[in-house]
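Chain by chain, the residues run as shown.
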Amino acid sequence: MSHSLLDEVFYSRCAVCSKTIKYNDFICEECFKAEVKFIEHVCSACGYPLEISASFCKNCLLKRNYDRLFVACWYEKTLRDAVKNIKFRFGLKEKFFIDAIVGQFIQENELNHYDLVVPVPVSFRRRFIRFVHLSERIAKNISLFYGIKYKKILSKKRYTKFQWQYSRKERLVNVKNSVDCNFSTLGLNILLVDDIITTGATVNECARALKLKGAKRVDCFALAKGHFR
Ligand SMILES: [Zn+2]
Ligand SMILES: [Zn+2]
């Protein structure tokens, strides 16, 4: 095999700037730094990401079932494209890109003091999901990294319309009482995992189901926060 052919086979192009990169990489290191906007400001009460530096989010004036929320980055441009590629075809590099974002976040934040890692039930994400259940992949990665047990214990209780068909206010109503937990969570500290959050209504409803079965504490981790409309 000639040298140039080896290069062809074992190298890849950055999805943003087209620079030559390692075969399994999605984007280059410079673009990773420029494109992935890690979240800087969060609500002091719940950890909900804020656009600007402020003490509390609007949601904290309403009833909140989870104790804390961790979100790695904003759901923008390159990440949005990567997620789309994962969902509509098998994007292996894109999956590794997402693993890298989660990896960086969990190395910098100690999310290790949980008894159980639980993914948000997949049907909430059926608009996007084709080939991969992203919340499950992320939850499994966190479980492996910290050696915490992974368990799918949440399911959808009744039919709800696609989330995107609703306004923000309707979304909060739409998910109410829509999740079941089939496992006794008595006294457990649980890390609930989602891929993309917008209003936080889905994780809030999942946390409610976990608390109803006795969970002592429910914290949430999401890969990214989308801007609402
Ligand atoms: Zn690049
Ligand atoms: Zn808050």
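Preceding this section is the structure that the text describes.
A brief look at the structure comes next. These figures come from a predicted structure and were not determined experimentally.

Below, the discussion takes up the coordination of the zinc ion (ligand 1). The expected angle between donors at a tetrahedral four-coordinate metal is 109.5 degrees. At an octahedral six-coordinate metal it is 90 or 180 degrees. Distances from the zinc ion (ligand 1) to its protein donors, C14 (SG), C17 (SG), C28 (SG) and C31 (SG), fall within 2.3 Å. Geometry at the zinc ion (ligand 1) is tetrahedral, judged from its four donor atoms and the angles of 102 to 118° they form at the metal.

As for its position among the elements, V193 is in strand 10 (residues 189-197). Of the residues examined, V193 reaches a relative accessible area of 0% and is grouped as buried. Separated by 122 residues in the primary sequence, V193 and V71 place their C-alpha atoms 10.0 Å from one another. When near neighbours in sequence (up to four residues on either side) are disregarded, V193 contacts V117, V118, P119, V120, S135, I138, A139, I142 and F221.

Moving on to the packing of helix 4 (residues 92-108) against helix 5 (residues 134-146). When two helices pack together, their arrangement is given by the angle between the helix axes and the distance between those axes. Close contact between helix 4 and helix 5 brings their axes to 11 Å; oriented N to C, the two are set at 45°. Our classification of the angle between helix 4 and helix 5 gives oblique. Handedness of the crossing formed by helix 4 with helix 5: right-handed. Residue-level contacts link K95, F96, I98, D99, V102, I106 and Q107 of helix 4 to L134, R137, I138, N141, I142, F145 and Y146 of helix 5. The class makeup of the residues in the contact of helix 4 with helix 5 is nine nonpolar, two polar and three charged.

What follows is about the pairing of strand 10. In terms of residue burial, strand 10 counts as a mostly covered element, since nine of its nine residues are buried. In this sheet, strand 10 lies alongside strand 6 (residues 116-119) in parallel orientation, the contact comprising four bridges. Pairing of V118 across the sheet is with L192, part of strand 10. When strand 10 meets strand 11 (residues 217-225), the two strands line up parallel, connected through eight bridges.

Calculation criteria
- Residues numbered from 1 in each chain as written.
- Chains lettered and ligands numbered in written order.
- Predicted model: local features only at pLDDT ≥ 70, side-chain atom pairs only at ≥ 80, totals over all residues.
- Heavy atoms only, no water.
- Donors = N, O, S within 2.8 Å, 3.2 Å for Na, K, Ca; no water.
- Tetrahedral: all angles 85-135°; square planar, octahedral: opposite > 155°, others 65-115°.
- Helix = DSSP H or I, 4+ residues; strand = E, 2+ residues; numbered from the N terminus.
- Buried < 20%, exposed > 50% of the residue type's maximum accessible area, 1.4 Å probe, protein only.
- Contact = heavy atoms within 4.5 Å.
- Axes fitted to C-alpha atoms, helices over the stretch in contact; angles between N-to-C directions.
- Parallel < 35°, antiparallel > 145°, perpendicular 65-115°, else oblique.
- Left-handed = near helix turned anticlockwise from the far one by under 90°.
- Nonpolar A, V, L, I, M, F, W, Y, C, P; charged D, E, K, R; others polar.
- Pairing = 2+ DSSP bridges.

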